[in-house]
Amino acid sequence: MANPRARAVVSCHPHSELARRSSRRMEVDYRNKHILAPMVRVGTLPFRLLAADYGADITYGEEIIDHKMLKCVRRENDLLGTTDFVEKGTNDVVFRTCPEEKSRVVFQMGTSNAVRALTVAQMLHEDVMAIDINMGCPRSFSLSGGMGAALLTKPELIHDILTTLRRNLDLPVTCKIRLLENTQETVELARRIEKTGVSALAVHGSHHCCHCRRGHSLSLQTLQIDPDILPSGAKLQLLLMHYPFQLSPMVMCLSMRTLEGSNRLQGQRRSWWQGERCGTPRFSAPQCILWDNDIKSSKHTLKEMIVHHSCFEFPEGRAVIKCSSNADLARLYGEEEYYKTVTEYRRETTR
């Protein structure tokens, strides 16, 4: 029987030399890249691969807390061809990835402790392109654990986490922050982060105390960072997050603007890759089936897409709510034959 992956929309990038682990630290060039931004409960493997097929060069996973990952064991899933991090004593997959995305996937971590962060990063170093620390999440679960935006008022802890990762990993390390109370405080924090030697700093265009998606008030000219404090040949890449109205919220992108040693802005290009098509439930359902995505995660992603394209109270939205399995999704979106093909292929593979 033919492998059902040939039917699904999957971007398979062969491992290059840069994707393989080397004895020296690798860096990532963010210039002129299309990037899928991290999204809670959405940036799972099926959606990352779908985004890559429609042009994403780099794909961020959803934020996962260090405590959660420390409860996991790494397993090779021969049936799916994936690497799964499964919570001990359960079958719950906390993070799933595959060789096809190794050269572009970024693992975003929520943490408030350098030792825990390093332990998790070392668990993942063979499976991801880079490690990103989320220092901008304003949600209560992050703040209560001293993570996310809570770190913005603890520059010493930020320095400890980032320098610990940089000194002990051969992977690129990046981080994301939000705007502080005023421009000067944000600039000062950016400069302190630069001194840790991270590869890139993403600035979310809203303040740390709110969830609103208003436009950023900082310009790259404001965030001038002294290239002389960087190690010889190093470059800090400054990324501004934006939410273009022309795109579905399901394909939030990072507007890549890179500040290099010459203090010249280079590589500016918006990520206009076919967002509307990528953000359509009909194109996402086969991916969820192929990669055996958790039904709760699949439903959340599909519901967000439906809200953007139509109304959740319409029949499609109500039907998604009633789905309790990938088989239900297949029936809803007319993918019964594909679902049958996938399940039969798995059954034959396990014999």
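Data block above holds the structure.
Nothing here was measured: the structure is a model prediction, and the numbers come from that model.

S.K.: Can you tell me about the pattern of salt bridges, naming the residues and giving the values?
M.R.: Pairing between side chains of opposite charge can happen when the charged atoms of each approach one another. Counted by the stated rule, this structure contains seven salt bridges. Here Arg96 and Asp84 are joined by a salt bridge, their closest N and O atoms 2.8 Å apart. Pair noted here: Arg96 is in strand 6 (residues 93-97) and Asp84 is in strand 5 (residues 82-87), with a separation of 12 residues, a long-range link. Among the charged side chains, a network of salt bridges with common partners joins Arg74, Glu76 and Asp127.

S.K.: Kindly report on the nonpolar core, identifying the contributing residues and their values.
M.R.: Proteins that are soluble and globular tend to have nonpolar side chains buried together. One finds Phe107 and Ile131 to be the most contacted residues of the largest nonpolar core, which totals 39 residues. Going through the elements one at a time, strand 6, strand 7 (105-110), helix 3 (114-124), strand 8 (130-135), helix 5 (155-168), strand 9 (173-179), helix 6 (183-195) and strand 10 (200-207) are the ones with two or more residues in this core. Examining the composition of this core, we find that six residues originate from one element, helix 3, more than from any other. In this view, Phe107 contacts Ile64, Met69, Phe95, Val120, Leu124, Val128, Ala130, Ile131 and Asp132; residues no more than four positions away in its chain are not counted. By size, the runner-up hydrophobic cluster in this structure holds 15 residues, among which are Leu302, Ile306, Val320 and Cys323.

S.K.: Tell me about the sheet that holds strand 4 (residues 72-77), residues and numbers included.
M.R.: Judged by pairing direction, the sheet is antiparallel, and its three strands sit side by side in the order 4-5-6 without closing on themselves. Sheet topology places strand 4 and strand 6 at the edges, where each strand pairs with a single neighbour. The average angle at which neighbouring strand axes cross in this sheet is 20°, direction not considered. Here strand 4 runs beside strand 5; their pairing, made up of six bridges, is antiparallel. Across the sheet, residue Asn77 finds its bridge partner in strand 5, namely Thr82. In the packing of helix 1 (residues 45-53) onto the sheet, contacts are made with strand 5 and strand 6, and the angle to strand 6 comes to roughly 25°.

S.K.: A description of the pairing of strand 5 should follow, citing residues and the corresponding values.
M.R.: By the criterion of burial, strand 5 is predominantly enclosed, with six of the six residues buried. Neither face of strand 5 is left uncovered, since the one carrying Thr82, Asp84 and Val86 and the one carrying Thr83, Phe85 and Glu87 both have all their residues buried. Between strand 4 and strand 5, which pair antiparallel in sequence order, lie four residues; one of them, Gly81, sits at a positive phi of approximately 75°. One ladder, built from four bridges, connects strand 5 with strand 6; its direction is antiparallel. Residue pairing for strand 6: Val86 is matched across the bridge by Val93. Where strand 5 hands over to strand 6, the hairpin turn is made up of five residues, of which Gly89 adopts a positive phi near 80°.

S.K.: A description of the pairing of strand 7 should follow, citing residues and the corresponding values.
M.R.: With six of six residues buried, strand 7 lies mostly within the body of the structure. In strand 7, alternate side chains face the same way, and those of Val105, Phe107 and Met109 on one face and Val106, Gln108 and Gly110 on the other are all buried. Pairing of strand 3 (residues 64-65) with strand 7 involves two bridges; the strand directions are parallel. In the sheet register, Ile64 faces strand 7, and the bridge partner there is Met109.

S.K.: Any details on the packing of aromatic side chains? Residues and values, ideally.
M.R.: Summed over the entire model, instances satisfying the criterion amount to two aromatic pairs. Between the aromatic rings of Phe85 and Phe95, the centroid separation amounts to 6.1 Å while the plane-to-plane angle is 40°, which identifies the pairing as tilted. Of this pair, Phe85 sits in strand 5 while Phe95 sits in strand 6; the two residues are 10 residues apart in sequence, bridging distant segments of the chain. Judged by its relative accessible area of 4%, Phe95 is buried. Ring centres of Phe95 and Phe107 lie 5.1 Å apart, and the angle between their planes is 90°; on these two criteria the pair is classed as edge-to-face. Here the residue Phe95 occupies a position in strand 6, and Phe107 occupies one in strand 7, the gap between them amounting to 12 residues.

S.K.: Describe the side chain of Thr164, with residues and values.
M.R.: Tracing the chain through its elements places Thr164 in helix 5. A relative accessible area of 16% places Thr164 in the buried class.

S.K.: Residues and numbers for the environment of Ser325, please.
M.R.: Structurally, Ser325 is set in the loop between helix 10 (315-322) and helix 11 (326-332). Expressed as a C-alpha distance, the spacing of Ser325 and Ile289, which sit 36 residues apart in the sequence, is 9.5 Å.

S.K.: For unusual backbone geometry, give the residues involved together with the corresponding values.
M.R.: Here the phi dihedral of Arg41 falls at roughly 65°; this positive angle occurs in a residue that is not glycine. By the element assignment, Arg41 lies in the loop between strand 1 (35-36) and helix 1. Here Arg41 falls in the partly exposed class, since its relative accessible area comes to 44%. Although it is not a glycine, Asp292 sits at a positive phi angle of roughly 50°. Tracing the sequence through the fold places Asp292 in the loop between helix 8 (281-290) and helix 9 (295-309).

S.K.: Residue-level account of the packing of helix 1 against helix 8, with values.
M.R.: Look at helix 1 against helix 8: their axes get within 9 Å of each other, and the N-to-C directions meet at 125°. Judged by the angle between their axes, helix 1 and helix 8 are oblique. As for the relative orientation of helix 1 and helix 8, their crossing is right-handed in sense. Along the contact surface, helix 1 presents Pro46, Leu49 and Leu50, while helix 8 presents Phe283, Ser284, Gln287 and Cys288. For the contact of helix 1 with helix 8, the residue count by class is five nonpolar, two polar and no charged.

Cut-offs used in this document
- For every chain, the first residue of its written sequence is number 1, and the numbers climb from 1 along that sequence.
- Per-residue local features of the predicted model are confined to residues with pLDDT of at least 70, and side-chain atom pairs are confined, for both listing and counting, to 80 or more; whole-chain, interface and lining totals are unaffected and use all residues.
- Excluded from the side-chain calculations are hydrogens and water; all other atoms, namely the structure's heavy atoms, are used.
- Basic side-chain nitrogens of Lys or Arg form a salt bridge, by our definition, when they fall within 4 Å of a carboxyl oxygen of Asp or Glu.
- In DSSP terms, a helix is any run of H or I states spanning at least four residues, a strand is any run of E spanning at least two, and both are numbered starting from the N terminus.
- Nonpolar cores are built from buried Ala, Val, Leu, Ile, Met, Phe, Trp, Tyr and Cys residues. Side-chain atoms within 4.5 Å join them into one set.
- Accessible area is worked out with a 1.4 Å probe on protein chains only. A residue is then buried under 20% of its type maximum, exposed over 50%, and partly exposed in between.
- Only heavy atoms matter for contacts: two residues are in contact if any of them lie within 4.5 Å across the pair.
- A pair of strands is considered paired only if DSSP assigns at least 2 bridges between the two.
- The axes are straight lines fitted to the C-alpha atoms, using for helices just the contacting stretch, and the angles between their N-to-C directions are given from 0 to 180°.
- Stacked, tilted and edge-to-face pairs are distinguished by plane angle, under 30 degrees for stacked and over 60 for edge-to-face with tilted covering the rest, among Phe, Tyr and Trp rings (Trp via its six-membered ring) whose centres lie within 6.5 Å.
- Note on terminology: angles under 35 degrees are roughly parallel, angles over 145 are roughly antiparallel, angles of 65 to 115 are roughly perpendicular, and the others are oblique.
- With the far helix as reference, a near helix turned anticlockwise by less than a right angle produces a left-handed crossing, and one turned clockwise produces a right-handed crossing.
- Gly is put with the polar residues, along with every residue not named as nonpolar or charged; the nonpolar set is Ala, Val, Leu, Ile, Met, Phe, Trp, Tyr, Cys and Pro, and the charged set is Asp, Glu, Lys and Arg.

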